Amino acid sequence: MRIITAFKAFFKALFNGEFAERLAKFMEGQSEPSSVQAGLSAFEPGTVGVLALLQREGRFIDFLQEDLEGAPDAQVGAVVKSTVYKGCRKALRDYLKIVPICSEDEGREITIEKGFEPVDIRLVGKVEGDPPFKGVLRHKGWRLTQAHLPGEDQENVSDVICPAEVEL
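Here's a quick rundown of the structure. Since the model is a prediction, treat every value here as computed from it, not as a measurement.

### Side note on the nonpolar core
Here's step 1: Formed by L53, L54, V84, C88, A91, L96 and L149, the largest nonpolar core amounts to seven residues.
Here's step 2: Of all the elements in the fold, those that place two or more residues in this core are α4 (47-58) and α6 (73-95).
Here's step 3: With three residues, the top contributor of residues to this core is α6.
Here's step 4: Grouped together as the second largest cluster of nonpolar side chains are five residues, C102, I110, I112 and F133 included.

The structure is reproduced here in structure tokens:
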């Protein structure tokens, strides 16, 4: 339970400044635990919606929850290519606009100028001195620029990603 709570608190604080402030005050002894717990009990709007979308279109959660240790690679590959890849890719294209942070080709040398945003670009390896930095682009990065999830206008946010199905 403590590990789950720690992960929830970490990600909630990372993406929610108000919650991060409440958590910091609590950790400094300036507030009651209830103010922090209230922030942990609800999911950010859209979080469950994105997971539900990936599950509905590509059975993403089913795939990740499946124990594939003994499954033949060819069988796993076939499932990924036919169901997970196509469905999840369709969901992303239909409901989310995701663009690369860096437009250059991966593997090419690029220059990171002074004033770059560390949230946009993570420097790895031996980082010394001040920008500009020259390095090889290992991953373009991705930025969400637009999202329209089905049912996101609903007032009641649920924690159900995919309901259980019972055939009668």
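### Quick notes on the packing of aromatic side chains
Here's step 1: Here the structure, examined in full by the defined rule, presents one aromatic pair.
Here's step 2: Between the aromatic rings of F116 and F133, the centroid separation amounts to 6.4 Å while the plane-to-plane angle is 80°, which identifies the pairing as edge-to-face. With F116 in the loop between β2 (109-112) and β3 (133-136) and F133 in strand β3, this residue pair connects regions lying 17 residues apart in the sequence.
Here's step 3: F116 gets classed as partly exposed once you look at its relative accessible area, which sits at 22%.

### Some thoughts on α6
Turn by turn, an α-helix covers 3.6 residues, leaving residues three or four places apart pointing in a common direction.
Here's step 1: If you check α6, its first and last C-alpha atoms are 31 Å apart, about what 23 residues at 1.5 Å a residue would give, namely 33 Å.
Here's step 2: In the structure, α6 departs most strongly from a straight axis at V80, where the bend amounts to approximately 40°.
Here's step 3: Buried within α6 we find V76, V84, G87, C88 and A91.
Here's step 4: Of the surrounding secondary structure, the elements contacted by the buried residues of α6 are α4, α5 (60-65) and β1 (96-100).

Cut-offs used in this document
- Residues take numbers from 1 onward in each chain, read along the sequence in its written order.
- Thresholds applied to this predicted model are a pLDDT of at least 70 for local features of residues and 80 or more for the giving and counting of side-chain atom pairs; totals over whole chains, interfaces and linings are not thresholded and use all residues.
- Side-chain figures throughout are based on the complete set of non-hydrogen atoms in the structure, without hydrogens or water.
- The nonpolar core is taken to be a set of buried Ala, Val, Leu, Ile, Met, Phe, Trp, Tyr and Cys residues, with the residues joined through side-chain atoms within 4.5 Å.
- Each residue is assigned to one of three classes by its accessible area relative to the maximum for its type, calculated with a 1.4 Å probe on protein chains only: buried under 20%, partly exposed between the two thresholds, exposed over 50%.
- In DSSP terms, a helix is any run of H or I states spanning at least four residues, a strand is any run of E spanning at least two, and both are numbered starting from the N terminus.
- Put simply, two rings from Phe, Tyr or Trp (the six-membered ring, in Trp's case) pair if the centres are within 6.5 Å, and we call them stacked under 30 degrees between planes, edge-to-face over 60, tilted for the rest.
- Helix span is expected to be 1.5 Å times the residue number reduced by one.
- The bend at a residue is defined as the angle formed between two axes, one fitted to the seven residues ending at that residue and one fitted to the seven starting there.
- When checking whether two residues touch, look at their non-hydrogen atoms; a contact exists if any pair is within 4.5 Å.

Limitation: the analysis is restricted to geometry and does not speak to function.
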